[in-house]
Amino acid sequence: MSIHTPDIKRVTTHIIQEMKNRGEKISCLTAYDYSMAGIVDAAGVELILVGDSASNVMAGHETTLPITIDQMIYHAASVVRAVKRALVVVDLPFGSYQGNSREALNSAIRIMKESGAHAVKLEGGLEIKDSITRILSAGVPVMGHLGLTPQSIYKFGTYTVRARQEAEAQKLLDDARMLEEVGCFSVVLEKIPATLTKLVSESVSIPTVGIGAGPHADGQILVLHDLLGINKAFKPRFLRRYADLNGVMTEAIGNYIKDVKGRSFPNEQESY
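Here we summarise the structure given alongside this text. All values reported here derive from a predicted model rather than from experimental measurement.

**Details of the sheet that holds strand β8 (residues 219-222)**
Consider a sheet: its strands pair through backbone hydrogen bonds, and that pairing is either parallel or antiparallel.
Part 1 of the argument: Spatially, eight strands are ordered β1-β2-β3-β4-β5-β6-β7-β8 in a closed barrel, and the strand pairing comes out parallel. When strand polarity is set aside, the average angle formed by the axes of neighbouring strands in this sheet is 25°.
Part 2 of the argument: Strand direction decides the pairing type here: strand β7 (residues 208-211) and β8, joined by two bridges, are parallel. Looking across to β8, one finds that V209 is bridged to G219.
Part 3 of the argument: With respect to the sheet, helix α5 (residues 101-115) is in contact with β3 (87-91) and β4 (119-121), its orientation differing from that of β4 by roughly 135°.

**Considerations on the pattern of salt bridges**
Part 1 of the argument: What the rule picks out here adds up to ten salt bridges.
Part 2 of the argument: With its nearest N and O atoms 2.9 Å apart, the salt bridge here joins E24 to R22.
Part 3 of the argument: Judged by its relative accessible area of 33%, E24 falls in the partly exposed class.
Part 4 of the argument: A salt bridge links D70 to R110; its shortest N-O distance comes to 2.7 Å.

Cut-offs applied
Residues numbered from 1 in each chain as written. Predicted model: local features only at pLDDT ≥ 70, side-chain atom pairs only at ≥ 80, totals over all residues. Heavy atoms only, no water. Pairing = 2+ DSSP bridges. Helix = DSSP H or I, 4+ residues; strand = E, 2+ residues; numbered from the N terminus. Axes fitted to C-alpha atoms, helices over the stretch in contact; angles between N-to-C directions. Contact = heavy atoms within 4.5 Å. Salt bridge = Lys/Arg side-chain N within 4 Å of Asp/Glu carboxyl O. Buried < 20%, exposed > 50% of the residue type's maximum accessible area, 1.4 Å probe, protein only.

Dropping the structure here:
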């Protein structure tokens, strides 16, 4: 059942900001294909992220690093074709923006033009400021991403909680303020202490969206396949499963196989 406000035809960055201003929490989920995106959008989320987590969820890679910009555009275009209301944000994949602001701009423009998405997301703070600034100068909305940044997993060497130490926490806060100052419309905070999320959310005027970052962010995001229990191997502390679709699908497929082998499918009514 949809729970969205019927008079909002399209969620925009302005609406996301207004939600923070009035203290209304922002709901966000990932999607990677037309069919699932249509369901997510109709349910009423405000933000849909076409995440580079497609590298893991859809392609089976160990990390997000292998996915290409062409593949991200394919997934994003599939999602955009299904979405009528939500704001669609697309990850710039690893290697498409780091260290070269001109390449970052070209990557963002390709995604916007070829997929029809509404915004892009980049991982990092001060070290990618030039790339963010150049993209924003072209009128492309940018969402930041701080804390655990999966594209840097080989640098960190672990998926454990980030910014527990004072120096890293201060840098994250400084980076969040910088993202606000240059013009980002929002920032994802991934796997950081809840107290730091509260501090950041109160220190910047732009909305924060948390994943594994406690209850104090202005919004929350989860990977759709994790929330639905399709991917049963991933069991982080922050994940709440709202369904067991793995079990439902396994049972349904098993029943289909049984009916085929038992010659009860198709029956007379299912034949021409």
